[in-house]
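Secondary and tertiary structure notes
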Amino acid sequence: MAFARTCSVALVGVEGVVVEVQADLEPGVAAFTLVGLPDKSLTESKDRVRAAVVNSGASWPQKKLTIGLSPASVPKSGSGFDLAVAAAVLGAAERIDPRVLADIVMIGELGLDGRVRPVRGVLPAVLAAADAGYEQVVVPECAAAEASLVPGVSVLGVRSLRQLIAILADEPVPDEEQDVQGRPDPLLAGLRVPGTGAATGMHSAGTAHDHGHDLADVVGQTSARTAVEVAAAGGHHLFLEGPPGAGKTMLAERLPAILPRLGRQESLEVTAVHSVAGLLPPGKPLIDLAPYCAPHHSATMQALVGGGQGIARPGAVSLSHRGVLFLDETPEFNSQALDALRQPLEAGHVVIARSAGVVRFPAKFLMVLAANPCPCGRFSQRDDLCECPPSAIRRYQARLSGPLLDRVDLRVEVDRITRTELTAVGARGESTATVADRVRAARERSVERLAGTPWRTNSEVPGRELRSRWYAVPGAMDEAERNLERGVLTARGLDRVLRVAWTVADLVGHDRPDATDVALALQLRTGVPRGVPMAIGALA
């Protein structure tokens, strides 16, 4: 009996399961049977593999061929099993030594001409192989840099099935014909999904301090700038409310640039999600900057939290993991889609149940909401430019549910810019680089204070831990507690005020939050003036 086996990886969300690909050849009528819960794209691999093997110069065995994918109880989808299936067939046909294949994990799609094409999810697949104890991985040549991010794994990048056969059979490796200079490599098309990227608002920041989006360009808006800085330093969610053209979108677009660079583990998490979603740029295998995701207000619940037919795909909350999720014109979003954000806001992940299986995606993001005060956008306490009836204003503002807003730490009114502010010469605010340095120093203080705990930012610390382990200056919380008694704050709101106060203290260099820090936190939470300076530099 001719038998060979090798391994590949089945992805369920961003988690991988190592699958043993077994090939068995028996005398009988030539046939090709694939078993082990394959989906449509995997079933079609029979034709792709046969053509690729023949066009690579190897002979196709004219026997009864059975390919088994084990464990058979795990659903398998995608074309990433092609390379492993072809290698197992060649091993069973004794074109390759079956003993060489047993401990190798192979990931890649085959073209009809034998070229190895990239697939989505290479990084999480290699991570799963490393966790299972495998040390050798074969991937497409253009995805080798992404696979090499996993330590302790030997990565072999191949451009064609002919090269793989020659390497495993210890034969001279053939040179593949290079594409015409100046033309895009057609193999790289498999790394991206059409209809995604910057055009949809789902992308990562390009540089640490994007000079095209500098905070110094924002005119005035001292309160909003302070809120953005506090949100970045402590990971607090932010709600910006104001008329059109006041600068809400400008502030949100500049927020990712003041966030600290991602650590090694955080970068791997973000890269894995973007790799599964097909958003990983070919020239940048590792995302080390905070991603920024700004879906349109017509986005469905599946687009926000994840879903789709078959195995669920990551949504906007997962694509903004460790970064910023900006919901512009928030009241225009579907109310059910907005309320679906409650669970990931609290848990830091989203669990999606579908008929094809249950997947879990990470979703620890910084949410920024932006909204007009009324349908026409001109409602204000200081003037009467708004023509909307009170009932329309109430209906518009009621589209944001109380439970969702209660999970937002900072609420700031973005005022209309005056002519004096807009035409003033030399009156520019602090630059992105200056604010980013202050945010990085505040993050370092919080990390040092929270050492030995599972938390790294103030927004992650549970309220009970804040009240029992990290105390404010005696008497500093008196005003906040009085707001709780009057019903201005909920119990959750009081905890969030204390978290924001700790972030303000980290920004200004205080060992513990004092009354001024708590007053600023209250003002950022409730919007009621407390008579404290709004600029962080004035408090230091």
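Scroll up to find the structure this text is about.
Residues numbered from 1 in each chain as written. Predicted model: local features only at pLDDT ≥ 70, side-chain atom pairs only at ≥ 80, totals over all residues. Heavy atoms only, no water.

1. Here's the deal with the environment of aspartate 214
Considering the arrangement of structural elements, one finds aspartate 214 in the loop between strand 10 (202-204) and helix 8 (222-234). Counting along the chain gives 43 residues from aspartate 214 to alanine 257, while the straight-line C-alpha distance between them is 8.4 Å. Once residues lying within four places of it in the same chain are set aside, the contact partners of aspartate 214 are Arg254, Ser431 and Thr432. (Helix = DSSP H or I, 4+ residues; strand = E, 2+ residues; numbered from the N terminus. Contact = heavy atoms within 4.5 Å.)

2. Some points on the pairing of strand 17 (residues 410-413)
Burial along strand 17 is one-sided: Leu410 and Val412 are buried, and none of Arg411 and Glu413, which face the opposite way, are. Sheet topology note: the strand 11 (residues 238-241)/strand 17 ladder contains 4 bridges and is parallel. If you follow leucine 240 over to strand 17, its bridge partner there is valine 412. (Buried < 20%, exposed > 50% of the residue type's maximum accessible area, 1.4 Å probe, protein only. Pairing = 2+ DSSP bridges.)

3. A closer look at helix 18 (residues 432-449)
With 18 residues, helix 18 should cover 26 Å at 1.5 Å per step; its first-to-last C-alpha distance of 26 Å lies within 8% of that length. Those residues of helix 18 that sit buried are Thr432, Val435, Ala436, Arg438, Val439, Ala442, Arg443, Ser446 and Arg449. Projection of helix 18 onto a plane perpendicular to its axis shows the buried side chains occupying an angular sector of 165°, all on one side. The exposed residues of helix 18 that point more than 90 degrees off its buried face are Glu444 and Glu448. (Expected span 1.5 Å × (residues − 1). Arc of directions from axis to C-beta.)

4. As for the packing of aromatic side chains
In this structure the tally under the stated criterion is 2 aromatic pairs. Ring centres of phenylalanine 32 and tryptophan 60 lie 5.7 Å apart, and the angle between their planes is 35°; this geometry places the pair in the tilted category. Here phenylalanine 32, found in strand 3 (residues 31-35), pairs with tryptophan 60, found in the loop between helix 2 (45-55) and strand 4 (64-70); they are 28 residues apart in sequence, far enough to count as distant. Summarising the burial analysis for this pair, phenylalanine 32 and tryptophan 60 share the class buried. Plain terms: the ring middles of tyrosine 292 and phenylalanine 326 are 6.5 Å apart, the flat faces sit at 25° to each other, and that makes the pair stacked. You can see tyrosine 292 sitting in strand 12 (residues 291-293) and its partner phenylalanine 326 sitting in strand 13 (residues 324-327), a full 34 residues away along the chain. Across the pair, exposure class does not vary: tyrosine 292 and phenylalanine 326 are buried alike. (Phe/Tyr/Trp six-rings, centres within 6.5 Å; stacked < 30°, edge-to-face > 60°.)

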